[in-house]
Amino acid sequence: MNFLRGVMGGQSAGPQHTEAETIQKLCDRVASSTLLDDRRNAVRALKSLSKKYRLEVGSQAMEHLTRVLQTDRSDSEIIGYALDTLYNIISNDEEEVEENSTRQSEDLGSQFTEIFIKQQENVTLLLSLLEEFDFHVRWPGVKLLTSLLKHLGPQVQQIILVSPMGVSRLMDLLADSREVIRNDGVLLLQALTRSNGAIQKIVAFENAFERLLDIITEEGNSDGGIVVEDCLILLQNLLKNNNSNQNFFKEGSYIQRMKPWFEVGDENSGWSAQKVTNLHLMLQLVRVLVSPTNPPGATSSCQKAMFQCGLLQQLCTILMATGVPADILTETINTVSEVIRGCQVNQDYFASVNAPSNPPRPAIVVLLMSMVNERQPFVLRCAVLYCFQCFLYKNQKGQGEIVSTLLPSTIDATGNSVSAGQLLCGGLFSTDSLSNWCAAVALAHALQENSTQKEQLLRVQLATSIGNPPVSLLQQCTNILSQGSKIQTRVGLLMLLCTWLSNCPIAVTHFLHNSANVPFLTGQIAENLGEEEQLVQGLCALLLGISIYFNDNSLESYMKEKLKQLIEKRIGKENFIEKLGFISKHELYSRASQKPQPNFPSPECMIFDHEFTKLVKELEGVITKAIYKSSEEDKKEEEVKKTLEQHDSIVTHYKNMIREQDLQLEELKQQISTLKCQNEQLQTAVTQQASQIQQHKDQYNLLKVQLGKDSPHHGSSNGGAQVNGIPPEEIGRLREEIEELKSNQELLRSQLAEKDSLIENLKSSQTSLDTNEATASARDSEQIAELKQELATLKSQLNSKSVEITKLQTEKQELLQKIEVFSQSVPVPGESETIVAAKATDVEGRLSALLQETKELKNEIKALSEERTAIKEQLDSSNSTIVILQNEKNQLEVNITDSKKEQDDLLVLLADQDQKILSLKHKLKELGHPDEEEDELESIDQDDEDDEDEVGNNQRDN
């Protein structure tokens, strides 16, 4: 600060010190000073000058300030001053540009931003500084980066995008406990995510949705302040036109968290300007997720999620509430429109919503009352029309319900309630041209792509005046057209008639049945009227063309060919096509074709409907071709159509035959597969039975051979030597094998006992090892568990084998008993001998199998022993590692103790030295030594040897 006062004092002392010179001196001080305090004071002085002298400070000091950010990072105070100075240079605060114009200030900020980001390392350095928790570094860093993004957003976005962990560092700002940094972090992310899909995806996958929704909840949802508004704008940046983020938002169940935003109640108070803004943004955010421009699948899934979580119900509650501001009500209607558009479940729910009136009225009726009421605001009437259109979009059920309210059988005779159809008819024939247009378009949407309702609407009869017969709705529309009403009314009625007659030959016949309609249309088209009437002429040409193209020639006086001849005589084909082209060339046609929502700046601009533009695009070409076709071509076309119809009927017949044959083939295939399975099972059974028969034959032949040797002349002496064909040696061998199996069983049991003791030892050693080495413990415990499992398997196998051995022993005993019984008598060949021989053979087979399994068990026990040895080795190595670590720990403790001792010794030496210096000072004062030499004594703290030399010289002087 002393330096700053000197510089500023020098600035005012003489005229030669200008501001530029002062700034130059400060820059030189920042660049050359070796003391941190001097550099800090110089940067502080630059900060104070940077607001008033942006150009001078920016042009001279920017390079030095960026160098300070690199070299003095350890000092948060000077870093904060440097960041503040750079922010003052680059930012364009209106309060700080009093001397210059706003445009020049913006140019200056952009130029300094370009200089700063020319070295990409500067932006990377700024990102790394944002990791500092110090408030005086982080906050100015956030503001500076936000200002850079405002000036040159795409360039700075690209630098941050390629910077490692650049976006992740900025996301940490949302978790800062200091609200001012968190709030400015939201503004920074707003600028960062604007029009950059790649950054938007990264921010979304860095858990931005969760954090932003938490902030909105903490701030009080729609009742929150400006922070909620900033968070909502950031959410819009992340979701708008970004299908990936929208899908991530839906799958993360974040739609469910939007429901509390719209719990506003129906109080007349509490609608502050900020709340209106917040709720408006919230509604727009819902519309972003269900916008008609999104992919149909994504929109549909979001619509279903909004219905399932109750969000649509909440929006309908606001729709029917009282005391809601007009702009919020309008935006809510638009939001509900897009939530239900094309979604049958949502449309059905909306049809069931009733207004809280007495008696309750359907919400659709209440909304239509607003649409046909000319005293309602224009934007509100447009929103209601859009809502009605979305309700009927791809909703044939809803279209039928609306048309049914116009039919005589469903009209309420008491007149207590007003239906949707009555409101539409009332608007269609009212004196307000805007109501005429809206009602005509709404009724046209009730007929869109629904030939059934087009035919049903022909039944509607209207009582125009008392005493006169009723007139059909179709005839009444043409009557109003001929009366020369306003252009907006005529355009609406013509759009309704074109939609009604297209793809409906019956409606065309009804239209042509009135002899006044065709002369009226040809008269309108043939006249040379002004530009305002050209659109009506084009629509009349379209209606007449539809009457030709969809004509089924049921009326002899108005067949296709006669209508074409009429056009050629009275209008001319070229003139007719030219008038037809007036529709698509109109300036408002292209605007209406862009979006489904009727969005018009003024009522006079409401001319075209979005769905009608699609119809014009579809029919303009085919009508042109139909006009130029000759009668022979028409006949050929009719013949082709009949041929095609016949062909289609034949194809349909064959398709049905093929479908039936396919069903029969499927049934036969299933039967074949079932028979194949049964055949395979039977073949398997036959094979098994054949093998069993072969075994029995072999056994029988073997017994025959054995019994054949034992002829009758051998006598009873041979019967004692061989019992039932089994020699005594074989019986003895079997007994020995049984004894050997018993001994093997006992041996296996003893080995199992040893394994159990080994496992217990391993458990105890494992417990001690767990306290020292966690990783080895986990591995060994897994191996011990595997060993235990294998041993348990072996135990179960041995138990099963012991059961089998016991069973064989009992069978053997029974066999021996039978042998002893038969040994007393001469063997007689018969069935009993065959049974005994078969059992003996079976016993031999089982014994051999048991021997084989015993060998396998021995091999498994051997493998387990090897694994036990390996585990022991691993345990020994773990123990040795623990001993080594313990020794290193003891050695470190000894070293620490020695270091502490050395430190204590040094402290004692320093204390002695201080005492020595004090005694020398006292001696010098007693000797009357001059005070100028005290500075030399102070250097004793830096060099002990110089101190001793100086003291020796003083003593010699004494």
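Just so it is clear, the model here is predicted, and its values are computed rather than measured. (Residues numbered from 1 in each chain as written. Predicted model: local features only at pLDDT ≥ 70, side-chain atom pairs only at ≥ 80, totals over all residues. Heavy atoms only, no water.)

Trainee: Is there a simple way to explain the overall build of the protein chain in this structure?
Mentor: Within the protein chain, the secondary structure is distributed over 42 helices and four strands. Going through the 958 residues of the protein chain one by one, you find that 43% of them count as buried. For the protein chain, the share of sequence-separated contacts (at least 6 apart) that also reach a separation of at least 24 residues comes to 71%. Entry remark: accessible area of the protein chain is about 51800 Å², with carbon and sulfur atoms responsible for 51%. (Helix = DSSP H or I, 4+ residues; strand = E, 2+ residues; numbered from the N terminus. Buried < 20%, exposed > 50% of the residue type's maximum accessible area, 1.4 Å probe, protein only. Contact = heavy atoms within 4.5 Å. Areas by Shrake-Rupley, 256 points an atom, 1.4 Å probe, with all protein chains shown as cover.)

Trainee: I tried to follow a nonpolar patch on the surface on my own but got confused; where do I start?
Mentor: A surface patch of nonpolar side chains, about 370 Å² in accessible area, is lined by I650, Y654, M657 and I658. Structurally, the position occupied by I650 is in helix α36 (residues 631-709). With relative accessibility at 45%, the residue I650 sits in the partly exposed group. (Patch = residues over 30% accessible without salt bridge, like charges linked within 9 Å, V, L, I, M, F, W, Y side chains within 5 Å. Salt bridge = Lys/Arg side-chain N within 4 Å of Asp/Glu carboxyl O.)

Trainee: Got a minute to help me understand the pattern of salt bridges in this structure?
Mentor: Once the charged atoms of two side chains with opposite charge are near each other, the side chains can pair. Enumeration according to the criterion identifies 23 salt bridges in this entry. Residue R257 is joined to D214 by a salt bridge in which the shortest nitrogen-to-oxygen separation is 2.7 Å. With R257 in the loop between α15 (243-251) and α16 (273-289) and D214 in helix α13 (residues 208-218), this residue pair connects regions lying 43 residues apart in the sequence. Using a relative accessible area of 26% as the deciding quantity, one classes R257 as partly exposed. Across the salt bridge formed by D348 and K397, the nearest N and O atoms sit 3.9 Å from each other. Separated by 49 residues along the polypeptide, D348 in helix α20 (residues 344-352) and K397 in helix α23 (residues 396-404) bring together distant segments of the chain. Three or more residues are tied together by salt bridges with common partners; here these are D37, R40, R44, D75 and E77.

Trainee: What is the right way to read helix α22 (residues 378-392) from this model?
Mentor: Along an α-helix, a turn takes 3.6 residues, which lines up residues three or four apart on a common side. Under the 1.5 Å per step criterion, the end-to-end length of α22 is 22 Å for 15 residues, consistent within 8% with the ideal 21 Å. With 14 of 15 residues buried, α22 is to be regarded as a mostly interior element. Positive backbone phi, approximately 55°, marks K394, located one or two places after α22. (Expected span 1.5 Å × (residues − 1).)

Trainee: Is there a simple way to explain the packing of helix α24 (residues 420-428) against helix α25 (residues 433-446) in this structure?
Mentor: Geometry of a packed helix pair, given as the angle between the helix axes and the separation of the axes. Interhelical geometry of α24 versus α25 gives an angle of 135° and a closest axis separation of 7 Å. The angle between α24 and α25 places the two elements in the oblique class. At the point where α24 passes α25, the crossing takes the left-handed sense. Across the interface between the two elements, L424, G427 and L428 from α24 touch S435, N436, A439, A440, A442 and L443 from α25. (Axes fitted to C-alpha atoms, helices over the stretch in contact; angles between N-to-C directions. Parallel < 35°, antiparallel > 145°, perpendicular 65-115°, else oblique. Left-handed = near helix turned anticlockwise from the far one by under 90°.)

Trainee: I'm lost on the confidence of the model for the protein chain in this one. Help?
Mentor: Low pLDDT marks regions whose predicted coordinates should not be analysed in detail. Here the protein chain averages 81 in pLDDT, while 76% of its residues score no lower than 70. For residues 94-100, every residue scores under 50 in pLDDT, and the model assigns this stretch five contacts once sequence neighbours within four places are set aside. In the model, residues 931-942 has pLDDT below 50 throughout and makes nine contacts with residues more than four positions away in sequence or in other chains. (pLDDT = per-residue confidence, 0-100.)

Trainee: Would you take a moment to explain the layout of surface pockets for this structure?
Mentor: The gaps left among the atoms become clear once a water-sized probe is rolled over them. The space that makes up the largest pocket amounts to roughly 810 Å³. Taken together, 31 residues form the lining of the largest pocket, with R287, E338, K595, Q597 and N599 sitting closest to its centre. Those elements giving two or more residues to the lining of the largest pocket turn out to be α16, α19 (326-340), α22 and α34 (587-594). Within this model, the second largest pocket holds a volume of roughly 410 Å³. Taken together, 20 residues form the lining of the second largest pocket, with Y393, Q448, E449, N450 and E611 sitting closest to its centre. (1 Å grid on protein atoms, 1.4 Å probe; cavity = no way out; pocket = protein on both sides within 12 Å on 5 of 7 lines; lining within 4 Å. Points joined across faces, edges and corners; volume = space filled by probe spheres on them.)

Trainee: How should the packing of aromatic side chains be read in this particular structure?
Mentor: Any aromatic ring pair is given by two values, namely how distant the centres are and how the planes are angled relative to each other. Counted under the stated rule, the structure contains twelve aromatic pairs. Grouping aromatic residues by their ring pairs yields a cluster made of F205, F209, F248, F249 and Y254. K143 extends its terminal NZ or CZ atom over the ring of Y87, reaching a point 5.0 Å from the ring centre. Here the guanidinium or amino end of R178 rests over the ring plane of F133, the centre of that ring lying 3.9 Å away. (Phe/Tyr/Trp six-rings, centres within 6.5 Å; stacked < 30°, edge-to-face > 60°. Lys NZ or Arg CZ within 6 Å of the ring centre and 35° of its normal.)

Trainee: Quick question: what am I supposed to make of unusual backbone geometry here?
Mentor: A negative phi angle characterises most non-glycine residues, just as the trans form characterises most peptide bonds. That bond from N358 to P359 is cis: its omega, 0°, falls within 30 degrees of zero. With respect to the helices and strands, P359 occurs in the loop between β1 (354-355) and β2 (361-362). The backbone phi angle of N241 is positive, close to 55°, even though this residue is not glycine. Secondary-structure assignment places N241 in the loop between α14 (226-239) and α15. Positive phi values are uncommon outside glycine, yet N503 reaches one of about 60°. Locating N503 in the fold gives a position in the loop between α28 (487-501) and α29 (505-513).

Trainee: Is there a simple way to explain the nonpolar core in this structure?
Mentor: The nonpolar side chains of soluble globular proteins are, as a tendency, buried together. Counting residues in hydrophobic clusters, the biggest one holds 209 residues, and the most contacted among them are L145, L170, W261, F262, F350, W500 and L542. With twelve residues, α22 is the largest single contributor of residues to this core. Not counting the four nearest positions on each side in its chain, L170 is found in contact with L127, L130, L145, I160, L188, L189 and L192. (Core = buried A, V, L, I, M, F, W, Y, C linked by side-chain atoms within 4.5 Å.)

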